[in-house]
Amino acid sequence: MNDLIIAAGIYLAALVILLVFAFRLPVAGDQVQEFEMLALSLRENRVLRDTGLLSACLLSVSLPYAIVKLLRIPMEVAFRLAPCLSSALCPAMSYLIARLYLAPPPAIVCALIATSSFYFCFYPNNGRMAHGIGFTSLLYYAILTGNLPLSLIAVLLVLFSHYATILYNLIIIAPALAVMILTGMSGAYPLLIIFTLALAAAVFWFEFFQRQARDIIHQVVSNSVNYFMSRLKLQRLVVAPDYLYTPALSVDRLISARRFPQRFEMASGLMLAGLMVLGAASLPGSIPSLYLLLALSSLGVIALSLANPVISNMSGVVRAYATSLPVLAPLAVFGMRTLAGLAGWNQGAAFTLLIFLILGQIIAVSGILHFFYGWDKRSRREINRLSQELN
């Protein structure tokens, strides 16, 4: 009961933070299309289906539509509120996941880690991704606690939130499931049911209702396979010119960043990722195998996204990291404990250092550090232009 109370408090705190972002910044990026479709739906008094990719993200329009109809609040308020309700689930679920293996204080730190993602801090381009990441955290919690009904509900919520997020989940679950089946681990059967139903639902949804999303997914997968085949000298590279990058493109872009806030964000992010890798390598034997397999699979997907320029060029690394944070957050705590033991540090001091590292990452990705070093004028002009177009 105490954990549920703490999780509820974390949810409300995260919701307040997100609402501040939501109501201070103009609608921008992908949300412009979502906002326009919501306005049309309310005008027609029914949820309209977009002819493009937005139709594959049902909740981005249907959820604020339902809020307007049920609560009778202004359309803009409901539109800004809806993604926050979903996104705030991520730190709350991260706390509950961490509590399966950690005491309350470090579990709260894990919830803080879940807010260090670009997709949590940068709200204007966060609509459909907010729903996907929030319900993904619910899915991981349900899987790790063995709650099959909740897992199936979460699968549908993720599927109707964002077409790419459900694919990340399937790719993360597949290797863990394969290892469990091949080694005869207990708990493979419920995970097999979840994976099979999720895969069947995704195939049915994309094949019969969302063929444009299906075609894009097919193109990305095809280009990715072609790229790796060419690297292995098995065939000639024939992907589109836009995808002709070196494998380390994302790393090169980060390293070449000239401004201190960008370098600070890179350094803090890499240190946090390093702690997660160290935590995975030194995970206590008492931790269930299912968690270890999901964590290793998540790290593998992030590494694969970084090595694949087709994915990294589409912000795939950031999306993979944000999607995996509820599972990866406890690894940072275990990694810091291991590092403190190897270096002979005091555990309390190491714990404090981890908190400052996470806060530094949040300050960097939220744009606060950029503000003190001078807000980028081009970004400001772009925000003003989008705001004027909407008004």
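Residues numbered from 1 in each chain as written. Predicted model: local features only at pLDDT ≥ 70, side-chain atom pairs only at ≥ 80, totals over all residues. Heavy atoms only, no water.

## Some remarks on the side chain of Ser 298
Basically, it comes down to this: The helix count covers DSSP runs of H or I at least four residues long, the strand count covers runs of E at least two residues long, and both are numbered beginning at the N terminus. Partly exposed residues are those whose accessible area sits between 20% and 50% of the maximum for their type, while under 20% is buried and over 50% is exposed, using a 1.4 Å probe and protein chains only. Polar contacts, as used here, are pairs of N or O atoms within 3.5 Å; protein pairs need one atom able to donate a hydrogen and one able to accept it. Residues neighboring in sequence count only if both atoms are side-chain atoms. A contact between two residues is defined here by any heavy atoms of the two lying within 4.5 Å.
Structurally, Ser 298 is set in helix α15 (residues 289-307). Judged by relative accessible area, Ser 298 falls into the buried class, the value being 0%. A distance of 2.8 Å separates a polar atom in the side chain of Ser 298 from the backbone oxygen of Leu 294. When residues no more than four places from it in sequence are discounted, the contact partners of Ser 298 are Ile 172, Ser 324, Val 327 and Leu 328.

## Re unusual backbone geometry
Of note in this structure, Asn 45 is not a glycine but carries a positive phi near 65°. If you trace the backbone, Asn 45 turns up in the loop between α2 (31-44) and α3 (59-71). One non-glycine residue, Arg 72, adopts positive backbone phi at about 60°.

## A short note on the pattern of salt bridges
Inclusion rule: Here, a salt bridge means any side-chain nitrogen of Lys or Arg that lies within 4 Å of a carboxyl oxygen of Asp or Glu.
The final tally for this structure, using the stated rule, is two salt bridges. Across the pair Arg 99 and Asp 3 runs a salt bridge, and its minimum N-O distance is 2.9 Å. On the criterion of sequence distance, the pair formed by Arg 99 in helix α5 (residues 89-99) and Asp 3 in helix α1 (residues 2-24) is long-range, its members being 96 residues apart. Here Glu 76 makes a salt bridge to Arg 80, at a shortest N to O gap of 3.0 Å. You can see Glu 76 and its partner Arg 80 sitting in helix α4 (residues 75-87), four residues apart, about one turn around the helix. Residue classification places Glu 76 among the partly exposed positions, given a relative accessible area of 40%.

## A few points about the packing of α2 against α3
Filter applied, for reference: For helices, the axis comes from a line fit to the C-alpha atoms of the stretch in contact; other axes are also lines fit to C-alpha atoms, and the angle between any two N-to-C directions lies between 0 and 180 degrees. Angles below 35 degrees are treated as roughly parallel, those above 145 as roughly antiparallel, those between 65 and 115 as roughly perpendicular, and all remaining angles as oblique. The sense of a crossing depends on the near helix, which, turned anticlockwise from the far helix by less than a right angle, makes the crossing left-handed and, turned clockwise, makes it right-handed. In the scheme used here, Gly and all other residues not listed as nonpolar or charged are polar, with Ala, Val, Leu, Ile, Met, Phe, Trp, Tyr, Cys and Pro taken as nonpolar and Asp, Glu, Lys and Arg as charged.
Taken N-terminus to C-terminus, the directions of α2 and α3 make an angle of 45°; their axes are 9 Å apart at the nearest point. The angle between α2 and α3 places the two elements in the oblique class. The way α2 lies across α3 gives a crossing that is right-handed. In this structure, α2 contributes Glu 34, Met 37, Leu 38, Ser 41 and Leu 42 to the contact, and α3 contributes Ser 60, Val 61, Pro 64, Tyr 65, Val 68 and Lys 69. Taken together, the residues that form the contact of α2 with α3 break down as seven nonpolar, two polar and two charged.

## Some points on α2
In plain terms, the rule: By definition here, a helix of n residues has an expected span of 1.5 Å times n minus one.
Between its terminal C-alpha atoms α2 stretches 20 Å, which fits the 20 Å expected from 14 residues at 1.5 Å a residue. Of all the residues in α2, the buried ones are Gln 31, Val 32, Glu 34, Phe 35, Met 37, Leu 38 and Ser 41. Asn 45 sits one or two positions beyond α2 and adopts a positive phi of about 65°.

## Some words on the packing of aromatic side chains
The following threshold applies: Classification of ring pairs uses Phe, Tyr and Trp, with its six-membered ring standing for Trp, and accepts pairs whose centres are within 6.5 Å; under 30 degrees between planes counts as stacked, over 60 as edge-to-face, and the remaining range as tilted.
Across all of its chains, the model carries two aromatic pairs by this definition. Ring geometry for Phe 35 and Phe 79: centres 5.1 Å apart, planes at 80°, overall edge-to-face. Of this pair, Phe 35 sits in helix α2 while Phe 79 is found in helix α4, placing the two residues 44 residues apart along the sequence. The exposure class assigned to Phe 35 is buried, which follows from its relative accessible area of 17%. Arranged with centres 4.7 Å apart and planes meeting at 40°, the rings of Tyr 101 and Tyr 291 form a pair that is tilted. Residue Tyr 101 is found in the loop between α5 and α6 (104-114), and its partner Tyr 291 is found in helix α15; the two are separated by 190 residues along the sequence. The two residues Tyr 101 and Tyr 291 agree in class, both being buried.

## A word on the environment of Leu 325
Mapped onto the fold, Leu 325 is located in helix α17 (residues 316-343). Along the primary structure Leu 325 and Cys 110 are separated by 215 residues, whereas in three dimensions their C-alpha atoms are 8.9 Å apart. Those residues within four positions of Leu 325 in sequence are excluded, and the remaining contacts are Ile 113, Ala 114, Ser 116, Ser 117 and Met 276.

## Some remarks on the packing of α5 against helix α8 (residues 127-144)
Put simply, α5 and α8 touch, their axes get as near as 8 Å, and they point 15° apart. The angle between α5 and α8 places the two elements in the roughly parallel class. Note that α5 runs across α8; the crossing there is left-handed. From α5, Leu 89, Cys 90, Met 93, Leu 96 and Ile 97 reach across to α8, where they touch Ile 133, Gly 134, Phe 135, Ser 137, Leu 138, Tyr 140, Tyr 141 and Leu 144. Taken together, the residues of the contact of α5 with α8 break down into eleven nonpolar, two polar and no charged.

## Topic: the nonpolar core
Worth spelling out the cut-off: Buried Ala, Val, Leu, Ile, Met, Phe, Trp, Tyr and Cys residues form a nonpolar core when they are joined through side-chain atoms within 4.5 Å.
Counting 86 residues, the largest nonpolar core has Leu 272, Met 276, Tyr 291, Leu 294 and Leu 331 as its most contacted members. When residues of this core are assigned to their parent elements, the largest contribution, 13 residues, is made by α17. When sequence neighbours within four positions are dropped, the list of residues in contact with Leu 272 reads Ile 113, Ser 116, Tyr 321, Ala 332, Leu 354, Leu 357 and Ile 358. In terms of nonpolar packing, the next biggest core, distinct from the first, is built from nine residues, Val 27, Met 37, Leu 48 and Val 61 among them.

## Topic: the environment of Leu 177
Within the secondary structure, Leu 177 is located in helix α10 (residues 163-183). Under the relative-accessibility criterion, Leu 177 is labelled buried at 5%. For the pair formed by Leu 177 and Leu 290, sequence separation is 113 residues and the distance between their alpha carbons is 8.7 Å. Once residues within four sequence positions are removed from consideration, Leu 177 is found in contact with Ala 188, Leu 191, Leu 192 and Phe 195.

## Regarding the confidence of the model for the chain
Selection criterion: As a per-residue measure, pLDDT reflects the predictor's confidence and takes values from 0 up to 100.
Scored by pLDDT, the chain has a mean of 78; 72% of the residues are at 70 or more. When mean pLDDT is taken per element in the chain, α5 scores highest with 94 and helix α13 (residues 249-255) scores lowest with 43. Here residues 234-257 is modelled with pLDDT under 50, and outside its nearest four sequence neighbours on either side it reaches 42 contacts, counting other chains as well. This stretch, residues 375-380, has a pLDDT under 50; its non-local contacts, to residues over four places away or in other chains, come to five contacts.

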